[in-house]
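Residue-level structural notes
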Amino acid sequence: MADSVDRIIAQWNATEPELDVSAMGIIGRISRLERAHDAQMREVFDRHNLLRGEFDILATLVRADPRREGLTAGQLTAQTMVTSGAITNRLDRLVAKGYVTREVDPANRRSVRVELTAEGRDVVQSALLDHVANEERMLQSLNAEQRAELASLLSRLLSAHESE
């Protein structure tokens, strides 16, 4: 089954037959899939009045805070791997929407603790169900064995880049 990148690779092979462009095929496919995935994720998050970064914060609070005690802004920064400025902007929007609260951490007055509100928990749970269903739909052309193989290969590639 040919895809849009196959046509590009064929053109390169015809015009530059001595040049190995196989890496271009892999990176091109990853790039095109990311653009498609991003657009489809935006549709899901729009239905829940969320931006992708806001969902990331809410989801991080759910998965990394099982006792519902909240996380510090520093912990959120480490868990989401974005800058503290980005965290601040996202938190400002989420506080304005009523999805999180920000309070001085009683254990360390120099730190701010972020907690989900009941409304924030409801929004993220609903968005999470739609998000997972969307990702399942995007992978429906692969069987379980193919998914496992792809996950393993992508993990190997990501691990190599993260260790650099």
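Residues numbered from 1 in each chain as written. Predicted model: local features only at pLDDT ≥ 70, side-chain atom pairs only at ≥ 80, totals over all residues. Heavy atoms only, no water.

Named according to an unreviewed UniProt entry, the protein chain is DNA-binding MarR family transcriptional regulator originating from Paramicrobacterium agarici.

**Re the overall build of the protein chain**
What counts here: In this description a helix means any DSSP run of H or I spanning at least four residues, a strand means any run of E spanning at least two, and both kinds are numbered starting from the N terminus. Note that the radius of gyration is over C-alpha atoms, with the globule rule given as 2.2 Å times the number of residues to the power 0.38. Relative accessibility decides the category of a residue: with a 1.4 Å probe and only protein chains considered, values under 20% of the type maximum give buried, values over 50% give exposed, and everything between is partly exposed. Every accessible area reported is derived by Shrake-Rupley at a probe size of 1.4 Å, with residue values counting cover from the shown protein chains alone. Positive residues here are Lys and Arg, negative ones are Asp and Glu, while His and the chain termini are left out of the count. Throughout, a charge is located at the NZ atom of Lys, the CZ atom of Arg, the CG atom of Asp or the CD atom of Glu.
When helices and strands are tallied, the protein chain shows seven helices and three strands. Listing each helix as α and each strand as β along the protein chain from the N terminus yields α-α-α-β-α-α-β-β-α-α. In terms of C-alpha radius of gyration, the protein chain reaches 20 Å, well past the compact-globule figure of 15 Å for 164 residues. Principal axes of the C-alpha set define a box for the protein chain whose edges measure 65 × 35 × 30 Å. The buried share among the 164 residues of the protein chain stands at 27%. Only carbon and sulfur atoms are counted for the fraction: they give 55% of the accessible area of the protein chain, which is about 11,100 Å². The centroid of the 21 positive side-chain charges in the protein chain is displaced by 5 Å from the centroid of its 26 negative side-chain charges.

**Description of the pairing of strand β3 (residues 108–116)**
What counts here: Two strands form a pair only when DSSP identifies at least two bridges running between them.
Summarising the sheet, strand β1 (residues 71–72) and β3 pair through two bridges and their orientation is antiparallel. When the sheet's bridge partners are listed, T72 is paired in β3 with R113. Bridge count for strand β2 (residues 100–105) against β3 is six bridges, and the pairing is antiparallel. By the bridge assignment for β3, V100 is matched with L116. Linking two consecutive strands that pair antiparallel, namely β2 and β3, is a turn of two residues.

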